[in-house]
Amino acid sequence: MHEPALRAAAFGSDPLPDPAVLRGGGSGSGKERLLAAVVLGAQGRYAAAATLLGRLRHDADPVTASLAATTLASHRRQLGGHRLARALDGEALAKVAGLESEPDPDGLDAAGARADAFLGLAADNLALGRQQAARRLAARAAEEHAGWRACVRGGWVGAEIELAAGHGAAAVAPAERAFQTAVARGARRHAVKSGIVLAVAVRAAGRPDHREISDGLVGNALATAEECELLSLLWPAALVAADLRPGHAEEYRFRVAQVLHAVLRSADPCGRRIAGESPWVPDPGG
């Protein structure tokens, strides 16, 4: 009943759905609960998302169970919990290894679930300093040909791999591919993150016009994240803005602290713990 609105929120043009739709999705079918958890995570409501995902990891449908595990892994990774995320991504991959299913327009199928797991594992390994493993896993994800969402996420991971290797110029192409795909699809949340990644890549590449391009991308990402209450993306966008706009750095860092405080208040105990231990997540208390 709520699936079309939840898809529009999770993967489309309406990232801020009616609260009644979100509540209804949370008690709906397995797919609706999965979509509701994706939306809740995007809003930084990690405890509510984890409640749904913890149950869905044991769903009778292996695709739903796999996607629940990779979604929870993504939420843990957003708070700096890369080791926990790696275990969840490995669990997700095991559930759909060799499985076939009907294709889904947003990759909520076996191929999409495998691509999500491989890309999650690539991001996990990259954060743990294993660049070659990350490259292999990202290449394996691309072999799934899993559709637009895997293309976007593959672009993010591909750019991050090149940035970690110090290859700023090589990071631009995958970041641009992710951004263009997300915009063409009308996926506003994915376009926000893609804009952030592309801004960082363009700046690292040192293009002559990199300041203007990066500033415009981050400005748009900030505006959309604020408008759509995408708290999980708002604080990273503000961190990048603080670097790009040094004259307003304190203002943006204050916003980062505000948003992180709200996010951690809405996180489950595991999320708060890993954020507190992570060198990647700023201390909201300063």
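Whatever comes next refers back to the structure up there.
### As for the overall build of the chain
Then step 1. Helix and strand counts for the chain come out as 15 helices and 0 strands.
Then step 2. Over its C-alpha trace the chain gives a radius of gyration of 18 Å, about what one expects of a compact globule, namely 19 Å for 286 residues.
Then step 3. When burial is assessed residue by residue, the chain has 53% of its 286 residues classed as buried.
Then step 4. By sequence separation, contacts in the chain at least 24 residues apart represent 64% of the contacts at least 6 residues apart.
Then step 5. For the chain, the accessible surface area stands at approximately 12,300 Å², while carbon and sulfur atoms represent 53% of it.
Then step 6. For the chain, the distance from the average site of its 33 positive side-chain charges to the average site of its 32 negative ones is 5 Å.

### Comments concerning the packing of helix α9 (residues 148-164) against helix α10 (residues 168-185)
To describe two helices that pack against each other, one gives the angle between their axes and the distance between the axes.
Then step 1. For the pair α9 and α10, the least separation of the axes is 8 Å and the interaxial angle reads 160 degrees. In terms of orientation, α9 and α10 fall into the roughly antiparallel class. Crossing hand, α9 versus α10: left-handed. Across the interface between the two elements, W148, C151, V152, G154, G155, W156, G158, A159, E162 and L163 of α9 pack against G168, A170, A171, P174, A175, R177, A178, T181, A182 and R185 of α10.
Then step 2. Residue composition of the contact of α9 with α10, grouped by class: 12 nonpolar, 5 polar and 3 charged.

### Structural notes on the nonpolar core
Then step 1. Ranked by internal contacts, the top residues of the largest apolar core, which has 77 residues, are L34, L53, L79, V192, V218, L222 and L230.
Then step 2. At 9 residues, helix α13 (residues 231-244) tops the list of elements feeding residues into this core.
Then step 3. In this view, L34 contacts L53, L56, L67, A68, T71 and L108; residues no more than four positions away in its chain are not counted.
Then step 4. By size, the runner-up hydrophobic cluster in this structure holds 15 residues, among which are L93, A117, F118 and A134.

### A word on helix α1 (residues 3-11)
Then step 1. Buried within α1 we find L6, R7, A9, A10 and F11. Considered in projection along α1, the buried side chains sweep an arc of 165 degrees and stay on one side of the axis.
Then step 2. In this fold, the buried residues of α1 make contact with α2 (19-25), α3 (30-42), α9 and α11 (188-205).

### Notes on the layout of surface pockets
Then step 1. Volume-wise, the largest pocket comes out at about 1,600 Å³.
Then step 2. Lining the largest pocket are 48 residues, with R77, Q78, E160, K193 and V197 sitting closest to its centre.
Then step 3. Listed by contribution, the elements that provide at least two residues to the lining of the largest pocket are α3, α5 (62-78), α7 (110-127), α9, α11 and α13.
Then step 4. Looking at which element gives the most residues to the lining of the largest pocket, the answer is α11, with 9 residues.
Then step 5. Here the residues of the lining of the largest pocket sort into 29 nonpolar, 10 polar and 9 charged.

### Quick word on α9
Then step 1. Over its 17 residues, α9 runs 24 Å from end to end, which matches the ideal 24 Å to within 8%, given 1.5 Å per residue.
Then step 2. A large share of α9 lies buried, amounting to 13 of its 17 residues.
Then step 3. The positive-phi residue at the C-terminal boundary of α9 is G166, with phi of around 80 degrees.

### Examining the side chain of E144
Then step 1. Here E144 is to be found in the loop between α8 (131-142) and α9.
Then step 2. Reaching out from E144, the side chain makes a polar contact with the side chain of R114 at a distance of 3.1 Å.
Then step 3. Discounting residues that sit within four places of it in the chain, E144 has contacts with A111, R114, A115 and F118.

### Remarks on the pattern of salt bridges
Then step 1. With the rule as written, the count across this model stands at 20 salt bridges.
Then step 2. Of the charged contacts in the structure, one is a salt bridge between D116 and R149, with a shortest N-O distance of 3.0 Å. Separated by 33 residues along the polypeptide, D116 in helix α7 and R149 in helix α9 bring together distant segments of the chain. We note that D116, like R149, is buried.
Then step 3. Linking E227 and R188 is a salt bridge whose minimum nitrogen-to-oxygen distance equals 3.1 Å. Within this pair, whereas E227 is found in helix α12 (residues 210-228), its partner R188 is found in helix α11, the two being separated by 39 residues in sequence.
Then step 4. A single salt-bridge network, built from bridges that share partners, covers E3, R7, K31, D104, D106 and R185.

Definitions and limits used
Residues numbered from 1 in each chain as written. Predicted model: local features only at pLDDT ≥ 70, side-chain atom pairs only at ≥ 80, totals over all residues. Heavy atoms only, no water. Helix = DSSP H or I, 4+ residues; strand = E, 2+ residues; numbered from the N terminus. Rg over C-alpha atoms; globule rule 2.2 N^0.38 Å. Buried < 20%, exposed > 50% of the residue type's maximum accessible area, 1.4 Å probe, protein only. Contact = heavy atoms within 4.5 Å. Areas by Shrake-Rupley, 256 points an atom, 1.4 Å probe, with all protein chains shown as cover. Lys, Arg positive; Asp, Glu negative; His and termini not counted. Charge placed at Lys NZ, Arg CZ, Asp CG, Glu CD. Axes fitted to C-alpha atoms, helices over the stretch in contact; angles between N-to-C directions. Parallel < 35°, antiparallel > 145°, perpendicular 65-115°, else oblique. Left-handed = near helix turned anticlockwise from the far one by under 90°. Nonpolar A, V, L, I, M, F, W, Y, C, P; charged D, E, K, R; others polar. Core = buried A, V, L, I, M, F, W, Y, C linked by side-chain atoms within 4.5 Å. Arc of directions from axis to C-beta. 1 Å grid on protein atoms, 1.4 Å probe; cavity = no way out; pocket = protein on both sides within 12 Å on 5 of 7 lines; lining within 4 Å. Points joined across faces, edges and corners; volume = space filled by probe spheres on them. Expected span 1.5 Å × (residues − 1). Polar contact = N/O pair within 3.5 Å; in protein donor to acceptor, adjacent residues only side chain to side chain. Salt bridge = Lys/Arg side-chain N within 4 Å of Asp/Glu carboxyl O.

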